[in-house]
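Summary of the model geometry
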Amino acid sequence: MAEAIVSFVVRKLGDLIMKEAELLGGVKSQVSRVQTELMNIRCYLASADSKQRKGDVESALVENWLNQLRDVAYRIEDAIDIFYVELEGNHLQVENTHNRLKYCCYYFFGKVKNLRCKFLKVPGLHKLGTELADIQKELEDIFVSKDKYGITLLPDQSGKISEYVINEVVLPNRRAAYQDVDDIEIVGQDDDKDNIRKLLLSSEKIPRRAVITIVGPGGLGKTTLARRVYKSVKADFEYHTMLSVSQQFSIIDILTKILREVLDVIKNLEDADPEKQKVLKLVTNFDGNEPKKQDMGVLISRVKKLLSGMRYLIILDDVWVVELWDQLKYALPDDKNGSRVMMTSRNLDVANSADSRMEPYMPNLLNEEESCDLLLRKALQNQEVNEVECPSDLIELAKELSKKCEGLPLALIVLGGILSTRRQTYRDWNKVLDTMDWHQEGKDCMNVLAMSYEDMPYYLKPCFTYLSSFPEDYEISARVLMYMWIAEGFIPEQEKKTLEETAEVFLEQLYQRSMVQVSRRYSNGSIKYFRVHDLLHDLAMHEARKVNFVTIFQKLPQDSHPDRVTRRVSIQADQSLDDCSEFMKYIGSNTRSLLWFDLRLRDPIHVIDFRLLRVLKIEGDADGYELRGLEGLIHLKYLEIRNFRGLKLPSDFRWDRLQNLETLIGAWEEQKGLWSIRTLRHVILPHTCVYFDLDGPPVNADLRNLQTLRSISSSGLKAWHKNQLPLLNNLRKFGLEATHEIESVEWEMVGYLLATLSYLLSLKISVGGMIPKEIVYPMGLPNYQNLESLYLLGRWDTVTVDASLFPPHLIKLELWNSQLAVDPMPELGKLKSLKKLKLGSEVYAGGKKMVCPAGFPALQTLVLCWNLIEIFTVMEGVMPKLKHLINDGGATKLNLPPELKHFEKIH
């Protein structure tokens, strides 16, 4: 980790020299000397990092040496960032003084151009120089101390500073390959799956509400097994859900989620009994805010009434304590109709307390043959495991390695991930065997996980450790995480690559090493969402704590004198309203990142004291939330406020004070100055949130770095001029929304705008009226040939679909309210690259039947949504690659060919 931190600071010093060379004056040479000293030390860090984990006397000395170096690197980062804060304060002073002097000069002498306040000194420059001089001396002492204490370190073999070594495999090929590898961990579970299925479906033999608990050690594959069983049986239950619980569970959150999901089920039932309808009416506007403690009984009562009479399946993954079931059981009725609850746990007491009449289900560890098979499949990335593809000496070595993992799937998968990064030679694989310390009995799994971290290239270590910032079992958005990595400075500039493309490679490398578990992918194969196994999450937390990388709060500390030297803070605790102000004490002035989950507020939050923040991510559930002091965060690059409605900012706030902002996510009521920020890369806002006309049209705005703009309203488009359009030539994703009929002048401006988007990959149009033909078929796009995703909600001004006019390489298509007079399926079947098709209500208005007679050669996912059609038919031989067919209230009846019949029960 030290190498990654030092490398980041070296780049930061380089940026300071390049951007502020004239301003630095005599301090520039001091900055250069510190940078050179760090670069020299960095040559030895790979050797130091490997030595500190050996467990001998020298390793303790090396660890202490690295800690000293890390602290100095942090001091350098602080000195630079504080300099910029003071410089920004001076710019405001200069601006105000400049304006006053201009007025006086104009009044007495006429207009004066380019007046400069040279008499104002650059603040903090002397302070920066003095601080860096002290730091240089300390760096020299640290470098000499390694010899003084007998620490033997070898420089990089090439004699050069380590650089980012990025796998240059083309991402589309990587994505295509990995789509078939996501389920690689499924080995040896078929018997367990069948046994548990029988228990869940044995309603005649066991009609009562039964609780089945899968029990076993971490890394056994309990979650994978539960997920497979869930997918295979959920169609047999009226209501079903699978919830991740973890150690920091909230019974309120669990009950609220069940309540909301059951409401959705009942809304679609025409014959719901009067009692359910009464409850439905009561909680239709249920907002999910924390109920008062005395209202817990009301929440339990409502869930119980809604589930009454239903045959339900509820799966609770990763239950740690018996108290969870003791609280939840009162909300789950037993109507003797075969309802089931299934839990996974490491704790046998959980199983025994939940249902003493059901034996805990304990899956077997993998046998030697299954272990070797799983290891090789992961190491060879699903190549054929035979002596043609894999030499016999490697197979024998794999058998020896797999025995060390003691049948635990997680250990085998992670070890296979390490082998997948090596050449397929006996020498390289044998090095892995020799490197591991296999002599700590009962700790082989943790040894493999620790080795997987040590084996990472230095640039991946902060990316992995950063995952500890998210709560256990949290489903992480890959895009959001990559934007945060970029804001943190983990992603280096690479020639002919965007930062996002490099970040995606880093994430795919973590996946290749089995450090993350993909839960969903985009239609183009890239990772959409993923989770981190709880043992790997523990590893990330351990490494984060060790180097003060992230301070994680899972409960309110008892320390009345908090240590405020925290680089990054993640608050993951279950909080009451009164706890929030207490947590604020633990966020220091040097904090760079604040991630706050499940925030519940009564008063406005002030962030002005956190002047060095780069990342601010807050998730909560409240109305009228007010954020104060945001304008002082000049280093802020990533801002996300999620699930807050009516987010308020001070009336005099202007976004252009945040001139380093790159990513903005949230529902903001204020946009003044937003389009003056040239660094913007991603703006992701709820529908009808952004109106360009609130601050005037963005006349000739330089937004060349902007890649994502979702979603803007059409309301202000008629105020634009085709010769003064904003510079958006790097936009990849664009969304336009309107609840009304868009005027022709607005559509004309949309056409002009789309004609400037040379790299657009995803287009979303959602309107309340008609969509012109030239937008339905966006042939005017410069990047028309490469458009991958198209979402259209609105009435077409054509009665049918013409497949020849769609982008030829379209991968994903989603249609709503098209009101076509002719069945679109025959034409849509001609789209040869289409992998995902989602059809919603009123796409077809010409009859009660839709028929797929032929085609769809690449389609993998078909989703039929609410009130689409009465009868949906697929002819034999159509959709040969279909993996998922989801009928979410879209078709009353499905007519499927024999090869697709198994989809009929899935919903």
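Residues numbered from 1 in each chain as written. Predicted model: local features only at pLDDT ≥ 70, side-chain atom pairs only at ≥ 80, totals over all residues. Heavy atoms only, no water.

**Examining the overall build of the protein**
Quick reminder of the rule: A run of DSSP states H or I qualifies as a helix once it reaches four residues; a run of E qualifies as a strand once it reaches two. Both are numbered from the N-terminal end. When accessible area is computed with a 1.4 Å probe and restricted to protein chains, residues below 20% of their type maximum are described as buried, those above 50% as exposed, and intermediate ones as partly exposed. Contacts were defined at the residue level, with two residues in contact if any of their heavy atoms lie within 4.5 Å. Areas reported here follow the Shrake-Rupley algorithm with a probe of radius 1.4 Å; residue values treat only the protein chains shown as occluding.
A count of helical and extended segments in the protein gives 27 helices and 27 strands. Counting all 907 residues of the protein, 54% fall into the buried class. The contacts of the protein with a sequence gap of at least 6 include a subset with a gap of at least 24, amounting to 64%. With an accessible surface of roughly 40,500 Å², the protein has 49% of that area assigned to carbon and sulfur atoms.

**A closer look at the pattern of salt bridges**
How we decide: When a carboxyl oxygen of Asp or Glu lies within 4 Å of a side-chain nitrogen of Lys or Arg, that pair is called a salt bridge.
Tallying each qualifying case throughout the model produces 38 salt bridges. Between Arg513 and Asp455 there is a salt bridge whose closest N-O contact spans 2.8 Å. Residue Arg513 is found in the loop between α22 (499–512) and β6 (517–521), and its partner Asp455 is found in the loop between α19 (444–454) and α20 (461–465); the two are separated by 58 residues along the sequence. You can call Arg513 buried: its relative accessible area is 8%.

**Digging into the side chain of Thr465**
With respect to the secondary-structure elements, Thr465 resides in helix α20. Those residues in contact with Thr465 that sit more than four places away from it in its chain are Met1, Tyr453, Ala540, Glu543, Ala544 and Phe549.

**Quick word on empty space enclosed by the protein**
How we decide: Every definition here rests on a 1 Å grid over the protein atoms only: cavities are sets of points where a 1.4 Å probe fits but cannot get out, pockets are open sets enclosed by protein on both sides within 12 Å along at least five of seven lines, and lining residues have some atom within 4 Å of a point. Grid points are joined across faces, edges and corners, and a volume is the space filled by probe spheres set on the points. Gly counts as polar in this scheme, as do all residues outside two lists: the nonpolar Ala, Val, Leu, Ile, Met, Phe, Trp, Tyr, Cys and Pro, and the charged Asp, Glu, Lys and Arg.
In the structure shown here, the tally under the stated rule is three cavities of 30 Å³ or more. Taken as a whole, the largest cavity encloses approximately 190 Å³ of empty space. Lining the largest cavity are 19 residues, and of these Ala4, Ile5, Phe8, Phe490 and Arg568 sit closest to its centre. Those elements that provide at least two residues to the lining of the largest cavity are α1 (2–19) and α5 (57–109). Tallied by class, the residues present in the lining of the largest cavity amount to 11 nonpolar, one polar and seven charged.

**Here's the deal with the pairing of strand β24 (residues 861–864)**
Test applied: Strands are labelled as partners when DSSP assigns at least two bridges between them.
Residues Thr861 and Val863 of β24 are buried on one face, and the alternating residues Leu862 and Leu864, pointing to the opposite face, are buried as well. Relative to β24, strand β22 (residues 836–839) is paired through four bridges, and the arrangement is parallel. Within the sheet, the bridge partner assigned to Leu839 lies in β24 and is Leu864. Pairing between β24 and strand β26 (residues 884–887): four bridges, direction parallel.

**A short note on unusual backbone geometry**
Although it is not a glycine, Ser514 adopts a positive phi angle of roughly 65°. Topologically, Ser514 is positioned in the loop between α22 and β6.

**A look at the nonpolar core**
As a reminder of what qualifies: Residues belong to a common nonpolar core when they are buried Ala, Val, Leu, Ile, Met, Phe, Trp, Tyr or Cys residues joined through side-chain atoms within 4.5 Å.
Core analysis: the largest hydrophobic core is formed by 115 residues, its most contacted members being Ile76, Phe464, Trp485 and Phe530. In terms of residue count, α5 provides more of this core than any other element does, 12 residues in total. Each residue touching Trp485, except ones within four places of it in the same chain, is listed here: Cys463, Tyr466, Phe490, Ile491, Ala503, Phe506, Leu507 and Leu510. Counting residues in each nonpolar core, the second largest holds 105 residues, with Leu674, Leu728, Val801 and Met825 among its members.

**Brief notes about the packing of aromatic side chains**
As a reminder, the rule being used: Between rings of Phe, Tyr and Trp, where Trp is taken as its six-membered ring, a pair exists when centres lie within 6.5 Å; planes separated by under 30 degrees are stacked, by over 60 edge-to-face, and by other angles tilted. Two limits define a charge over a ring: the Lys NZ or Arg CZ must be within 6 Å of the ring centre, and within 35 degrees of the ring normal.
The final tally for this structure, using the stated rule, is 13 aromatic pairs. The cationic tip of Lys378 hangs over the ring face of Tyr511; the distance from NZ or CZ to the ring centre is 5.0 Å. Above the face of the Tyr453 ring, Lys461 is positioned so that its terminal group lies 5.4 Å from the ring centre.

**Things to note about the pairing of strand β17 (residues 708–713)**
Of all six residues making up β17, five are buried, and the element is well covered by its neighbours. Across three bridges, strand β16 (residues 682–684) lies against β17 in parallel orientation. Directly across from Val683, in β17, lies its bridge partner Leu709. Where β17 lies against strand β18 (residues 733–737), four bridges are found, and the strand directions are parallel. When the sheet's bridge partners are listed, Ile712 is paired in β18 with Leu736.

**A word on the sheet that holds β6**
Overall, antiparallel pairing links the three strands, which are arranged β5-β7-β6 in an open sheet. In this open sheet, the two edge strands, each paired with only one partner strand, are β5 (476–477) and β6. Where β5 lies against strand β7 (residues 527–531), two bridges are found, and the strand directions are antiparallel. Bridge pairing in β7 places Ile476 opposite Phe530.

**Focus: the packing of helix α21 (residues 478–488) against α22**
Selection rule: Axis geometry follows a simple rule: fit a line to the C-alpha atoms, using only the stretch in contact for helices, then measure angles between N-to-C directions, giving values from 0 to 180 degrees. Any angle that falls under 35 degrees is termed roughly parallel, while one over 145 is termed roughly antiparallel, one within 65 to 115 roughly perpendicular, and all others oblique. In this scheme, a crossing is called left-handed if the near helix is turned counterclockwise away from the far one by less than a right angle; it is called right-handed if the turn is clockwise.
Relative to each other, α21 and α22 sit at 115°, their axes nearing to 9 Å. On the basis of the axis angle, α21 is roughly perpendicular to α22. Seen from above, α21 lies across α22 with right-handed handedness. Contact with α21, carried on its side by Ala478, Met482, Tyr483, Trp485 and Ile486, involves Leu499, Glu500, Ala503, Glu504, Phe506, Leu507 and Leu510 of α22 and no other residues of that element. In the contact of α21 with α22, the residues fall into 10 nonpolar, no polar and two charged.

**Comments concerning the confidence of the model for the protein**
Our working rule: pLDDT measures the predictor's confidence residue by residue and takes values from 0 up to 100.
Taken residue by residue, the protein gives an average pLDDT of 80. The fraction at 70 or more is 79%. In the predicted structure, residues 176–182 sits below a pLDDT of 50 and forms 17 contacts with residues beyond four places in sequence or in another chain. For residues 690–695, every residue scores under 50 in pLDDT, and the model assigns this stretch 20 contacts once sequence neighbours within four places are set aside.

**Examining the environment of Val6**
Locating Val6 in the fold gives a position in helix α1. Judged by relative accessible area, Val6 falls into the buried class, the value being 1%. Val6 sits 39 residues away from Leu45 along the chain, and the two C-alpha atoms are 9.1 Å apart. Once residues within four sequence positions are removed from consideration, Val6 is found in contact with Leu38, Arg42, Leu45 and Leu69.

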